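Read off the chains here:
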Amino acid sequence: MARVLLKDVCKNFGNFQAVKNVNLEIRDKEFLVLVGPSGCGKSTTLRMIAGLEEISSGEIYIGDRLVNDVPPKDRDIAMVFQNYALYPHMNVYQNMSFALRLRKLPKDEIDRRVKEAAEMLGISQLLKRKPKELSGGQRQRVALGRAIVREPQAFLLDEPLSNLDAKLRVQMRSEISKLHQRLGATIIYVTHDQVEAMTMGDRIVVMKDGVIHQVGAPLEIYEHPVNIFVAGFIGSPAMNFIPCTLHEEDGKFKVKTSGFEVFVPESRVKDKDQLRSYVGKEMIFGIRPEDVVDPDDDTKHETEFFPAQVDVVEPMGNECFVHGKIGADSFIARVGAHTQARHGKPHQFSIRASKMHLFDKETEVALL
């Protein structure tokens, strides 16, 4: 396995710049996830690493080798596509062994690799079947098996689970994570699904409009997003964003919205002088739905309770999503299944102030 390095990589399609000055190191044996909305440049970045898209400028290294002018077949990588890309006229064994036969490996070596990969993926009994005789999950395993037998330096996976149903996606997420641990492989994985990114990646790269906004461990990005885009994209349901103004009282900072007031905990203030420059100005207050506290769940609240109007209660089994309004602003709370919140009625909530975020309204950069 090997590290993959991108230096100032750009991709232009005519006058449109799809990927802008990407600098990224994927460490040896790391599981790195590229995540972002459709059209953010993540698949284009993956295809440039694979050699399927020519880069407009910059450098790509696989191991210690510059691969800008190296054709895809000589880059020693394996790619798993969204649509599986299996040969319909070949059975599973033939599909998995195809690249090895092209390389003219000995028959016994091909047989060993195919059977080992099939055993690892639990598809040994399917080797004589054609792709049309397989379910979506089985086809995905075959596509993974075809990549594994090549024993490449890196695996590139482009939204491999997007064609599967919800239950199978959860199962395959676990399978791919276990596979990574067993192979000790360098994996670069593209998805638009932030749940996949959070559950699978050692590190996450959050992209938008061809630009990398943040790189970090899942929990780091979840707890310390660098801007409003990252804060809103990572987390489900998304973070609540509420207009506010910042005030200072007796040396403490206080946030005021249309529906509540809350002091900023000292522990959250990194730079007092910087925050003081925002006093009296409009800002954006951010709080995750799970940090809007329902008194039915938690009596240890950090702020005073405030009234909210409940619009919709969505039971989710072990929890509920409560949609409503705090003053003039909409919000979502993620609360326990036994909440007393009811549609069309007022309900009391509190805020976990220690989990609050503040953003510059103009630049959308995080200050807390």
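Before reading on, note that the structure itself is shown above.
Just so we're clear, the structure is a prediction, and the values are computed from it rather than from any experiment. Residue positions are given per chain, counting from 1 as you read along its sequence in written order. Local features are withheld for residues below a pLDDT of 70 in this predicted model, meaning they are given only at 70 or higher, and side-chain atom pairs are given and counted only at 80 or more; totals for whole chains, interfaces and linings count all residues. The basis for every side-chain value is the complete set of heavy atoms in the structure, and neither hydrogens nor water enter the calculation.

Side note on unusual backbone geometry
Of the consecutive residues serine 236 and proline 237, the connecting peptide bond is found in the cis state with omega at -5 degrees. With respect to the secondary-structure elements, proline 237 resides in the loop between α8 (228–233) and β11 (240–249). Despite not being glycine, alanine 85 shows a phi value in the positive range, around 55 degrees. Positive phi, normally seen in glycine, also occurs at glutamate 364, with a value near 65 degrees. Runs of H or I in DSSP of at least four residues are treated as helices and runs of E of at least two as strands, each being numbered from the N terminus. Among the secondary structure elements, glutamate 364 is positioned in the segment after β20 (357–360). Judged by relative accessible area, which is 36%, glutamate 364 ranks as partly exposed. Any residue under 20% of the maximum accessible area for its type is buried, any over 50% is exposed, and the rest in between are partly exposed; the area is computed with a 1.4 Å probe on protein chains only.

A short note on the sheet that holds strand β5 (residues 65–66)
Strand order in the open sheet formed by 4 strands is β2-β1-β4-β5, and the pairing between neighbours is antiparallel. Sheet topology places β2 (16–26) and β5 at the edges, where each strand pairs with a single neighbour. Across the sheet, helix α1 (residues 42–50) is in contact with β1 (4–13), β2 and β4 (57–62); its angle to β1 comes to roughly 115 degrees. Here, any two strands with at least 2 DSSP bridges between them count as paired. Here a residue-residue contact requires only that any non-hydrogen atoms of the pair lie within 4.5 Å. For helices, the fitted line uses only the C-alpha atoms of the stretch in contact; every axis is such a line through C-alpha atoms, and the angle between N-to-C directions lies from 0 to 180 degrees.

Some details on the side chain of asparagine 240
As for its placement among the helices and strands, asparagine 240 is situated in strand β11. At 2.7 Å, the side chain of asparagine 240 forms a polar contact with the backbone nitrogen of isoleucine 332. Leave out the neighbours within four places in its chain, and asparagine 240 touches Phe285, Gly286, Ile287, Arg288, Pro289, Val292, Phe331 and Ile332. Here a polar contact is taken to be a pair of N or O atoms separated by no more than 3.5 Å, where protein atoms must pair a possible hydrogen donor with a possible acceptor and residues adjacent in sequence count only if both atoms sit in side chains.

Points about the side chain of histidine 347
With respect to the secondary-structure elements, histidine 347 resides in strand β19 (residues 346–351). Of note is the side chain of histidine 347, whose polar atom sits 3.1 Å from the side chain of aspartate 294. When residues no more than four places from it in sequence are discounted, the contact partners of histidine 347 are Asp294, Pro295, Asp296, Phe306, Pro307, Ala308, Val310, Thr339, Gln340 and Ala341.

Comments concerning helix α4 (residues 136–148)
With 13 residues, α4 ought to run about 18 Å at 1.5 Å a step, and its terminal C-alpha atoms sit 18 Å apart, in line with that. Burial of α4 is extensive: 10 of the 13 residues sit out of reach of the surface. Taken residue by residue, α4 has Gly137, Gln140, Arg141, Val142, Ala143, Leu144, Gly145, Arg146, Ala147 and Ile148 as its buried positions. Along its buried surface, α4 packs onto β6 (77–80), α2 (92–102), α3 (107–121), β7 (154–158) and α5 (166–183). What a helix should span is 1.5 Å times the count of its residues minus one.

As for the environment of isoleucine 62
Here isoleucine 62 lies in strand β4. Counting along the chain gives 12 residues from isoleucine 62 to alanine 50, while the straight-line C-alpha distance between them is 9.9 Å. Isoleucine 62 has contacts with Arg3, Ile49, Val67, Arg75, Ile77 and Gln153, leaving out every residue within four places of it along the chain.

Side note on α2
Within α2, burial applies to Val92, Asn95, Met96, Ser97, Ala99 and Leu100. Residues of α2 that are buried in the fold lie against α3 and α4. At the N-terminal end of α2, a side-chain oxygen is found 3.2 Å from the backbone nitrogen of tyrosine 93, two or three residues along, and the residue is asparagine 91. Looking one or two residues past α2, lysine 104 carries a phi angle of roughly 60 degrees, positive in sign.

Brief notes about the pattern of salt bridges
The salt bridge criterion pairs a side-chain nitrogen of Lys or Arg with a carboxyl oxygen of Asp or Glu, the two atoms within 4 Å. Taken as a whole and judged by the stated rule, the model has 22 salt bridges. With a shortest N-O distance of 3.4 Å, arginine 276 and aspartate 273 are connected by a salt bridge. Linking arginine 276 with aspartate 273, this pair stays in helix α9 (residues 272–276), spanning 3 residues, or about one helical turn. Classification of aspartate 273 as exposed rests on a relative accessible area of 57%. Here arginine 334 ties to glutamate 319 by a salt bridge, and the two come within 3.0 Å at their closest N and O atoms. One end of the pair, arginine 334, is in strand β18 (residues 329–336); the other, glutamate 319, is in strand β17 (residues 319–326), and 15 residues separate them in sequence. Note on arginine 334: relative accessible area 27%, which makes it partly exposed. Beyond isolated ion pairs, a larger network of salt bridges with shared partners links Glu109, Arg112, Arg113, Glu116 and Glu151.

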